[in-house]
Each structure stands twice: as C-alpha cells, then as structure tokens.
Amino acid sequence: MADIIIIGGGPAGVSAALTAKNRGKNVFIISNGANQSNLWKAHEITNYPGCAGMSGADILKSFRDQLNAANIKVLPGRALNAVQMGKKFGVSVGQNFFDGDALILASGVVQTSAYEGELEFLGKGVSYCATCDGMLYRGKKVAVIGLNDEAEAEADALREMGVEVMYFDKAFAKNYKILGEQRVTAIEAEGREFPVDGVFILRSTIAPSNFLTDIELDGPHIRVDRSMKTSIAGVFAAGDCTGKPYQIAKAVGEGNVAAL
C-alpha cells in the first residue's frame with residue numbers, strides 16, 4: 001500500500017512524486033510508456049527554464065533518470081479505474097490492483113467523449129482491458145477498437161486466447177456505435193453493422209468520469225481548487241487534465257502543489 005498513487009508520468013506526475021518523496025511519503029507512479037506522451041513528440045522546448053533546446057523526449061528521459069535516482073517506482077501500464085474503499089482508494093491496472101491513501105491524477109489531456117452505447121454496455125460486452133477480460137470471449141467474436149500503441153499487441157493476445165478478433169482503428173472509421181439489448185450484439189462503423197459478442201476499446205487513457213465515478217468536471221477537464229483538490233476528498237489532479245494552458249511549467253507547478 002502507498003501513501004499516494006500518482007496516475008501519469010509526465011511533468012505533473014513526476015513533480016508530484018518528487019515532492020511527495022521529499023516529504024517522506026511512500027509514493028509510486030502508474031504510467032504508459034514515455035513515448036506515448038504528447039511531450040515526447042516535441043522537437044524542441046524553448047520556454048521551460050533550464051531546458052533550452054532540449055527535445056520533449058530528452059526532458060522525459062531526464063525526468064525518468066531523476067525518478068530512478070530518488071528510488072521512485074514507475075509501474076508501466078494503463079490505469080483502468082479507481083474505487084473508493086472507505087478512506088482509501090484502489091486502482092486497477094490490467095489484472096493488478098493497488099491501493100493507497102490518496103490519488104493524484106496527472107493523466108494529461110484525455111478523451112472524455114464516449115462512443116454511442118459505450119457507457120450503456122460497459123461491463124455488458126464493452127471492456128477497456130484485453131488481458132483482464134479476454135478469456136471471457138474464448139471461442140467468440142469481438143471487435144477491438146485500437147487507439148493506442150499497444151492495441152495491436154493486445155489484439156494478438158486475444159487471438160492467442162482463442163478469440164476471433166475484428167480489428168478497427170481511426171483509419172477505418174472516426175466514430176463507432178455499439179449496439180445491443182441486454183448485452184453487446186454488434187458494432188456499427190461507417191454505416192456498416194458487424195455482429196460481435198464484445199467490444200474492446202483500447203485507449204491510452206481513460207476519461208476521468210469513467211476512471212473515477214462522481215468526480216466533477218469543468219467541460220472536458222477535472223475541476224480543482226487552488227490546492228489542486230478535486231470534488232472527492234483524497235483525490236487531487238494536476239497538469240493538462242485540469243485545463244489550459246497545456247505547458248510544462250504549469251504542469252510542474254500544479255504537481256508540486258498537489259503533492260503538498
């Protein structure tokens with residue numbers, strides 16, 4: 001168990017982790033690979049003090065080096081959801097489950113809009129984790145909507161489990177509709193209907209409202225006060241997920257405040 005679980009290994013999450021560690025807290029980060037961050041793609045950073053001329057990838061590598069030097073663990077994976085357990089919180093990452101006294105959400109800019117039928121059939125044929133739920137569909141046909149770098153590998157893992165996979169991505173269609181009655185029966189894309197027994201939607205991050213029930217949003221962003229507190233006691237947020245400007249300096253500052 002941790003004092004603080006941090007979701008996201010970008011500037012806000014790293015800043016929060018270092019500050020918490022300096023205050024004697026047991027803390028770890030759950031994060032996708034650094035190369036999935038939007039910052040990784042930045043060719044040159046010119047407005048973050050001390051890092052003139054560095055690329056986004058260089059800065060993220062430097063962040064990871066600093067975390068390693070501070071003995072702060074970064075657990076690779078996609079955090080799927082969090083639940084309140086009394087005064088503590090549990091976080092699911094694939095088939096693993098971690099608990100802590102507090103959460104800091106530093107997940108960056110995330111997609112908040114759901115496909116039609118997605119939320120209605122969540123747990124009734126819609127899943128966000130192939131390794132968690134794949135065996136439930138052995139011998140059946142599923143659609144995989146691949147929206148992150150690991151999606152094709154997860155689709156291959158489903159096939160190895162004996163699942164028949166129809167693979168879709170943004171190149172095939174920009175929008176999807178999930179159909180069914182009590183459970184998923186089909187997926188619709190570009191006006192065509194494909195019969196399936198389930199739909200795996202594989203994004204890099206989960207929308208805040210899906211990740212943690214009842215968290216208040218301000219448009220697509222997580223609502224916070226000046227202490228980076230969210231509407232849920234014990235849950236804080238920092239960085240791009242709290243709103244514009246989407247800048248490293250702002251994210252680092254908010255991560256520091258959230259940890260304090």
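An account of the accompanying structure is given in this report. Owing to the predicted nature of the structure, the values given are computational and were not obtained by experimental measurement.

1. Observations regarding the packing of helix α1 (residues 11-22) against helix α2 (residues 56-69)
- Taken N-terminus to C-terminus, the directions of α1 and α2 make an angle of 20 degrees; their axes are 11 Å apart at the nearest point. Between α1 and α2, the angle falls in the class roughly parallel. α1 and α2 meet at a crossing whose hand is left-handed. Here P11, V14, A17 and L18 of α1 lie close against α2, whose contacting residues are F63, Q66 and L67.
- In terms of residue class, the contact of α1 with α2 is built from six nonpolar, one polar and no charged.

2. Side note on the state of the cysteines
- Overall, the coordinates contain one disulfide when judged by the stated rule.
- Linked covalently through their sulfurs, C129 and C132 form a disulfide whose S-S length is 2.2 Å. In this structure, the disulfide formed by C129 and C132 twists by about 70 degrees around the S-S bond and is classed as right-handed.
- The exposure class of C129 is buried, given its relative accessible area of 6%.
- Residue class for C132 comes out partly exposed when judged on its relative accessible area of 26%.

3. Things to note about the pairing of strand β1 (residues 2-7)
- Of all six residues that make up β1, five are buried, and the element is covered over most of its length.
- Looking at chain direction, β1 and strand β6 (residues 96-105) are connected through five bridges and run parallel. Paired with I7 across the strands is L105, a residue of β6.
- The sheet contact formed by β1 and strand β2 (residues 27-31) spans four bridges and is parallel. Its bridge partner lying in β2, I7 is registered against I30.

4. Regarding the sheet that holds strand β12 (residues 192-195)
- An order of β10-β11-β12 is seen for the three strands of this open sheet, with the pairing classed as antiparallel. Lying at the two open borders of the sheet, with one neighbouring strand each, are β10 (176-180) and β12. Going across the sheet, the axis of each strand differs from the next one's by a mean of 25 degrees, ignoring polarity.
- Here β10 pairs with strand β11 (residues 184-189) via five bridges, running antiparallel. Counterpart to G180 in the pairing with β11 is V184.

5. Re the packing of aromatic side chains
- According to the stated counting rule, one finds seven aromatic pairs in the structure shown.
- Here the aromatic rings of F168 and F194 are separated by 5.3 Å at their centres, their planes lie at 65 degrees, and the arrangement is edge-to-face. Placement of F168 in strand β9 (residues 164-169) and of F194 in strand β12 is noted, with a sequence separation of 26 residues between them.
- F194 sits in the buried class, given a relative accessible area of 10%.
- Both rings, one in F172 and one in F194, keep their centres 6.2 Å apart while their planes meet at 65 degrees; by these two values the pair is edge-to-face. Of this pair, F172 sits in the loop between β9 and β10 while F194 sits in strand β12, and the two are 22 residues apart along the sequence.
- Members of the aromatic cluster, connected to one another through ring pairs, are Y115, F168, F172, Y176 and F194.

6. Notes on α2
- Helix length check: α2, at 14 residues, gives a terminal C-alpha distance of 20 Å against a target of 20 Å (1.5 Å per residue), a fit within 8%.
- Of the positions making up α2, those classed as buried are G56, A57, I59, L60, F63 and L67. For α2, the buried positions fall inside an angular range of 165 degrees around the axis, keeping them on one side. Exposed residues lying more than 90 degrees from the buried face of α2 are D65, N68 and A69.
- Tucked inside the fold, the buried residues of α2 contact α1, β2, β3 (73-76) and α6 (248-259).
- Looking one or two places after α2, you find N71, whose phi comes out positive at around 60 degrees.

Cut-offs applied
- Residues numbered from 1 in each chain as written.
- Predicted model: local features only at pLDDT ≥ 70, side-chain atom pairs only at ≥ 80, totals over all residues.
- Heavy atoms only, no water.
- Axes fitted to C-alpha atoms, helices over the stretch in contact; angles between N-to-C directions.
- Helix = DSSP H or I, 4+ residues; strand = E, 2+ residues; numbered from the N terminus.
- Parallel < 35°, antiparallel > 145°, perpendicular 65-115°, else oblique.
- Left-handed = near helix turned anticlockwise from the far one by under 90°.
- Contact = heavy atoms within 4.5 Å.
- Nonpolar A, V, L, I, M, F, W, Y, C, P; charged D, E, K, R; others polar.
- Disulfide = S-S within 2.5 Å.
- Buried < 20%, exposed > 50% of the residue type's maximum accessible area, 1.4 Å probe, protein only.
- Pairing = 2+ DSSP bridges.
- Phe/Tyr/Trp six-rings, centres within 6.5 Å; stacked < 30°, edge-to-face > 60°.
- Expected span 1.5 Å × (residues − 1).
- Arc of directions from axis to C-beta.

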